Amino acid sequence: MIKLDLILPYRYGEAEIKEPIVDETISIGHTLNLASDISINFAVKTTLLADYVNHHMVVEIPVYEGNTQIDTRTLTIEPVLNGNYYYYTLTGLTAVNMGDVVSAQLHMEKDGQEYLSKVDTYSVSQYAYSQLNKEGTPEKLKALCADLLRYGKEAQIYKSYRTDSLADASMTEENKAYLSDVEAVAFGNTNKTLTDLESPQITWAGKSLILDSKVCLKFIFSASKYSGSVDGLTLRVSYTDTYGAEKALTLADPELYNEKLGYYAFTFDSLLAAELRSVVSVQVYAGDAPVSYTLQYSADTYGNNKTGTLLELCKALFAYSDSARAYFIP
């Protein structure tokens, strides 16, 4: 009798586990979106992924507390096809995150086998420095990048976030020459309530500027005199965009702001970086009927009467906004 020794790749009833294969030919490009928020676009040519399916980007973002990294966030980003590139856009970065290095790796499949790209690392500040130090970068873009780095630094100082590694720490004297004069930054004076309604049921209680992944305006109101359902209220918003066109939109689903006082709020986050001096008009509606006065406000008004590190942050923010306006508007 002949005995055969069989070498099985896996035990009966179990699937064979295949290790992912790294495709060294996959290259990842980068660009930033600085129009509405601070986000990183990872770009891959479509021709490089022609033979693959189910491709997506896995991004790891460091999480710091003060100057110490305490964790890592992992996000999965699906592609968006635009022309000859797939774009994987990392959003949610705030001003303090400009120096944080994120790691990105493409995951894809072919013939049932998982493939990976090489790990790519990038940061917002890396983009800014590359533009500042590159010959041929337009002067207005260099000014925008310089003011962006200063804005990041002031945000870090205000938030006590990675103050041992400030975003502008590597700026040369040549780089700093592109900074706008932050001491010349003036703040707006638009804070007006129009008495354009008899006996409003909703009264304004305040407004604030929120520096998140976008610069947001929070409009706070009291519903103590309102007998209907707060959930059904909407906020109608109008403003002039960077090109002089009138914009109008409606926000729904107010959030509870202060339960004890009965305050609610709408958060408006549609302003572009270049529009932070635009006057925004808002009014609360119940169905098609207005139930509040019209409130007019501009984000740069927030900077008035601020002191210390918050004042420095406001000056840096609106210097950056002015540079964005100069760059994006011909």
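Look a little higher up for the structure.
So, a few notes on the structure that sits alongside this text. Sequence order as written defines the numbering, with residues in each chain counted from 1. Under the rules for a predicted model, residues below a pLDDT of 70 receive no local features and side-chain atom pairs below 80 are neither given nor counted, while totals for whole chains, interfaces and linings still include all residues. Each side-chain value is derived from all of the structure's non-hydrogen atoms; neither hydrogens nor water enter the calculation.

### Let's talk about the packing of helix H1 (residues 124-132) against helix H2 (residues 139-159)
Test applied: Axis lines are fitted to C-alpha atoms, over the contacting stretch for helices. Their N-to-C directions set the angle, which ranges from 0 to 180 degrees. In this text, helices come from DSSP runs of H or I with a minimum length of four residues, and strands from runs of E with a minimum of two, each type numbered from the N-terminal end. Note on convention: the crossing is left-handed when the near helix lies turned anticlockwise from the far helix by less than a right angle, right-handed when the turn is clockwise. Contacts: residue pairs with any heavy atoms within 4.5 Å of one another.
For the pair H1 and H2, the least separation of the axes is 9 Å and the interaxial angle reads 145 degrees. Between H1 and H2 lies a crossing whose hand is left-handed. Contact with H1, carried on its side by Val-124, Ser-125, Tyr-127, Ala-128, Tyr-129, Gln-131 and Leu-132, involves Leu-141, Lys-142, Cys-145, Ala-146, Leu-148 and Leu-149 of H2 and no other residues of that element.

### Considering the sheet that holds strand S6 (residues 80-82)
What counts here: Two strands qualify as a pair provided that DSSP identifies no fewer than 2 bridges between them.
Pairing in this open sheet of four strands is antiparallel, and the strands run S2-S3-S7-S6 from one edge to the other. Of all strands in the sheet, those with a lone pairing partner are strand S2 (29-33) and S6, marking the two edges. Direction aside, neighbouring strands of the sheet carry axes that sit 35 degrees apart on average. Strand direction decides the pairing type here: S2 and strand S3 (residues 38-45), joined by five bridges, are antiparallel. Residue Asn-33 lies in a different strand from S3, and its bridge partner there is Ser-39.

### Description of unusual backbone geometry
Here the phi dihedral of Ser-199 falls at roughly 50 degrees; this positive angle occurs in a residue that is not glycine. Here Ser-199 is to be found in the loop between strand S11 (191-194) and strand S12 (203-211). With phi around 60 degrees, Asp-253 is a residue other than glycine that occupies positive phi space. Relative to the elements of secondary structure, Asp-253 occurs in the loop between strand S15 (246-251) and strand S16 (255-258).

### With respect to the environment of Leu-48
Turning to its location among the elements, Leu-48 is positioned in the loop between S3 and strand S4 (53-65). For the pair Leu-48 and Tyr-85, spaced 37 residues apart in the sequence, the C-alpha separation amounts to 9.5 Å. Residues contacting Leu-48, with those up to four places away along its chain left out, are Thr-25, Ile-26 and Ser-27.

### Considering the sheet that holds strand S17 (residues 263-268)
Spatial ordering of the open sheet is given by S12-S13-S17-S16, a layout of four strands whose pairing is antiparallel. Both outer strands of the open sheet, S12 and S16, are each paired with one neighbouring strand and no more. Across the sheet, the mean angle from the axis of one strand to that of its neighbour is 35 degrees, orientation sign disregarded. With six bridges joining them, strand S13 (residues 215-222) and S17 adopt antiparallel strand pairing. Its bridge partner lying in S17, Phe-219 is registered against Phe-266.

### Section: the packing of aromatic side chains
Counted only if it meets this: Under the pairing criterion, centres of Phe, Tyr and Trp rings, with the six-membered ring standing for Trp, must be within 6.5 Å; the plane angle then separates stacked pairs below 30 degrees from edge-to-face pairs above 60, leaving the rest tilted. Three exposure classes are used, based on accessible area relative to the maximum for each residue type with a 1.4 Å probe and protein chains only: buried under 20%, partly exposed in between, and exposed over 50%. For a ring to carry a charge above it, either NZ of a lysine or CZ of an arginine must fall within 6 Å of the ring centroid while also lying within 35 degrees of the normal to the ring plane.
Enumeration over the complete set of coordinates arrives at 10 aromatic pairs. Between Phe-221 and Tyr-264 the ring centres are 6.0 Å apart and the planes differ by 25 degrees, which places this aromatic pair in the stacked class. Note that Phe-221 is positioned in strand S13 and Tyr-264 in strand S17, a separation of 43 residues in sequence. Judged by relative accessible area, which is 0%, Phe-221 ranks as buried. Aromatic rings pair up to connect Phe-221, Tyr-264 and Phe-266 into one cluster. Against the face of Tyr-285 rests Arg-236, its NZ or CZ located 3.8 Å from the ring centre.

### Details of the nonpolar core
Stated formally: Among buried residues, the Ala, Val, Leu, Ile, Met, Phe, Trp, Tyr and Cys ones that are joined through side-chain atoms within 4.5 Å form a nonpolar core.
Phe-42 and Phe-219 are the most contacted members of the largest nonpolar core, which totals 84 residues. A per-element tally of this core places helix H4 (residues 308-328) first, with nine residues.

### As for the side chain of His-107
This is how it is decided: Polar contact is defined as a pair of N or O atoms within 3.5 Å, subject to the rule that within protein one atom must be able to donate a hydrogen and the other to accept it, and that residues adjacent in sequence are counted only when both atoms are side-chain atoms.
Mapped onto the secondary structure, His-107 falls in strand S8 (residues 102-110). There is a polar contact of 3.0 Å between the side chain of His-107 and the side chain of Glu-114. Apart from the residues within four sequence positions on either side, His-107 is in contact with Asn-54, His-55, His-56, Val-58, Glu-114, Tyr-115 and Leu-116.

### Digging into the pattern of salt bridges
Selection rule: A pair is scored as a salt bridge if a Lys or Arg side-chain nitrogen falls within 4 Å of a carboxyl oxygen belonging to Asp or Glu.
What the rule picks out here adds up to 12 salt bridges. Asp-100 is paired through a salt bridge with Arg-162; the nearest N and O atoms lie 2.8 Å apart. Residue Asp-100 is located in the loop between strand S7 (85-93) and S8, and its partner Arg-162 is located in the loop between H2 and helix H3 (173-176); the two are separated by 62 residues in the primary sequence. Considered together, Asp-100 and Arg-162 belong to a single accessibility category, that of buried residues. Between Glu-312 and Lys-315 there is a salt bridge, with the nearest N and O atoms lying 3.2 Å from each other. Taken together, the residues Glu-312 and Lys-315, both in helix H4 and three residues apart, mark about one turn of the helix. Residue Lys-315 is classed as buried on the basis of its relative accessible area of 9%. Connected through salt bridges with shared partners, the residues Lys-153, Glu-154 and Asp-168 form a single ionic network.

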